[in-house]
Every structure is written in structure tokens, then in C-alpha cells.
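These are the residues of each chain, in order.
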Amino acid sequence: MTSSENMSNHWWWRPGWSAGRRFYTWHLVFDSQSDVHRFAGRYRTALAGADGLDLIPDRWLHLTMQGINFVDEVDQADVDLIVEAARARLAAVPAFDLTLSAPVLDPEAVLVPVHPQDPVRTVRAALRAAIGDVLPEVPENAEGFRPHVSLAYSNSDGPADVISEALTLASVEPATARIESAELIVLHRDNRMYEWQPYARVALGKPGT
């Protein structure tokens, strides 16, 4: 595990965001992944005594992939066309397994890099291509993507030593996740948590689904 000496509040309002706004974005989600839930639960227990963290419950665990736009800035018909383009492109991408192991202490979060990264990047590239099939520009950068699953977000500024020590003392077996789909969701962050409603789930490696 690597460490940050200080934590920063994750919940500052990034450009375009405000209470009540909703955003279309693609995630990998873990709603039926019991091994990931076991892994995250053990770390929630280990971090329960550390101030300044919002621990992420199982239902909101996710791997951020690729945004589209705010709901009020994109035509829903275009969103539906993106979903259909994603179905066609992801039909050629096989399902795969991911491993989650040692957390990394980032200034704004406790996060877990996932391995292998190549299949995640392949899915993201397919989603970006699907967006490009419909919209004149694909948002967000193609480069600099770091596939990870966050376990907690920092909700204040302060030293990281207690959090770092709690992670160091925790002994948690790695988790395996089976990735068989990508999910388009309608995301908000009104409650100091990333919460969403599902919009469409697109299967990997299954033409015509």
C-alpha cells in the first residue's frame, strides 16, 4: 500500500456539478459480486474508527469508466443510440475476471487498483468509440485513465496517519470479480456519495443482447 501524508475533502463541487444535477456515465458495478462485498466489508470494518471518511456501502461500489454528459445537456435519443452502439461494440469484447488486492491511499479516497487493467481499458475504448459513433466529440481524456474501485472518500482535510495505519494493520484476502457487462447509469452526488439509477446494462461478448 502507498500512502498520502494528508487527506483532502473529495466533495468539493467540480465544474458543472451542483445539487440536483444528474449525469449519464458508464460504470462497472458490483451488485452481485459477493467476493467484492466480502473484501469491501472487511476494509469498512478496519476503517470504521478513522475519522474523516465516508465508507462506500456495497450497493454503491463501482469502477468509473466513461462519462457522456449531464442529463440536461444531452438528447435522450442520442443516449439511446449510444447504448445501441455500445451493444454492437461490446459484443466483440469477452467477459473477464478482475482481482482487487492492496488499497492505495489517495488524498481524496481509499482506492483499490484492479488487475489486469488491459480488459478494462478495452471496454472503455469500446464505450468511447460508441459515444463517438453518435456525438461529435467524446468527453473526458482517453489517456490518464486509472482503473480502480474506491472503498471510501475523504470528507475533510487533515492528516492521513490514522487511515494509513488502519490499512496497514488490516489483513484481507484479495477479491475476484467477474465482469460480464457495462452499465449506463444516471449518477448524482447529492448525499456525499455517488448514487445512481440504472439506465441500461450492456452485456460483454454476447452479440444481439
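Definitions and limits used
- Residues numbered from 1 in each chain as written.
- Predicted model: local features only at pLDDT ≥ 70, side-chain atom pairs only at ≥ 80, totals over all residues.
- Heavy atoms only, no water.
- Helix = DSSP H or I, 4+ residues; strand = E, 2+ residues; numbered from the N terminus.
- Buried < 20%, exposed > 50% of the residue type's maximum accessible area, 1.4 Å probe, protein only.
- Contact = heavy atoms within 4.5 Å.
- Areas by Shrake-Rupley, 256 points an atom, 1.4 Å probe, with all protein chains shown as cover.
- Lys, Arg positive; Asp, Glu negative; His and termini not counted.
- Charge placed at Lys NZ, Arg CZ, Asp CG, Glu CD.
- Pairing = 2+ DSSP bridges.
- Axes fitted to C-alpha atoms, helices over the stretch in contact; angles between N-to-C directions.
- Salt bridge = Lys/Arg side-chain N within 4 Å of Asp/Glu carboxyl O.

> An account of the overall build of the protein chain is requested, with residue identities and associated values reported.
From N to C terminus, the protein chain includes 4 helices and 12 strands. Seen through its C-alpha atoms, the protein chain measures out along the principal axes to roughly 50 × 35 × 25 Å. For the protein chain, the residues scored as buried account for 48% of the 209 residues in total. Taking all contacts inside the protein chain whose residues are at least 6 apart in sequence as the whole, residues at least 24 apart take part in 82%. Entry remark: accessible area of the protein chain is about 10,000 Å², with carbon and sulfur atoms responsible for 49%. Positive and negative side-chain charges in the protein chain, numbering 18 and 28 respectively, have mean positions lying 3 Å apart.

> Run through the sheet that holds strand β2 (residues 23-29), naming residues and quoting values.
Read across the open sheet, the 4 strands follow the order β4-β2-β11-β12; overall the sheet is antiparallel. Of all the strands in the sheet, just β4 (62-70) and β12 (195-203) have a single pairing partner and so form its edges. Each strand of the sheet is rotated relative to its neighbour by a mean of 30°, with strand direction disregarded. Sheet topology places β2 next to β4; 7 bridges connect them, and they run antiparallel. Counted as the bridge partner of tyrosine 24 is asparagine 69 from β4. Lying on the sheet, helix α2 (residues 76-90) is in contact with β2, β4, β11 (181-188) and β12; it crosses β12 at an angle near 45°. Most of the contacts of helix α3 (residues 118-134) go to β4, to which it runs at about 10°, and overall it touches β2, β4 and β11.

> I'd like a rundown of the side chain of glutamate 195, residues and numbers included.
Structurally, the position occupied by glutamate 195 is in strand β12. Despite its burial, glutamate 195 pairs with no opposite charge, the nearest such side chain being arginine 59 at 6.7 Å. Excluding residues that lie within four positions of it along the chain, glutamate 195 makes contacts with Trp60, Val186, Leu187 and His188.

> Which residues make up the pattern of salt bridges, and what values go with them?
Across all of its chains, the model carries 14 salt bridges by this definition. With its nearest N and O atoms 2.6 Å apart, the salt bridge here joins arginine 14 to glutamate 108. Here arginine 14 is found in the loop between β1 (6-7) and β2, whereas its partner glutamate 108 is found in the loop between β6 (104-106) and β7 (109-115), with 94 residues between them in sequence. A salt bridge links aspartate 31 to arginine 201; the shortest N-O distance between them is 3.0 Å. In this pair, aspartate 31 sits in the loop between β2 and α1 (34-47) while arginine 201 sits in strand β12, placing the two residues 170 residues apart along the sequence. Among the residues examined, aspartate 31 registers a relative accessible area of 48% and is labelled partly exposed. Its relative accessible area of 41% is what places arginine 201 among the partly exposed residues. Put simply, Arg21, Asp72 and Glu73 are held in one network by salt bridges that share partners.

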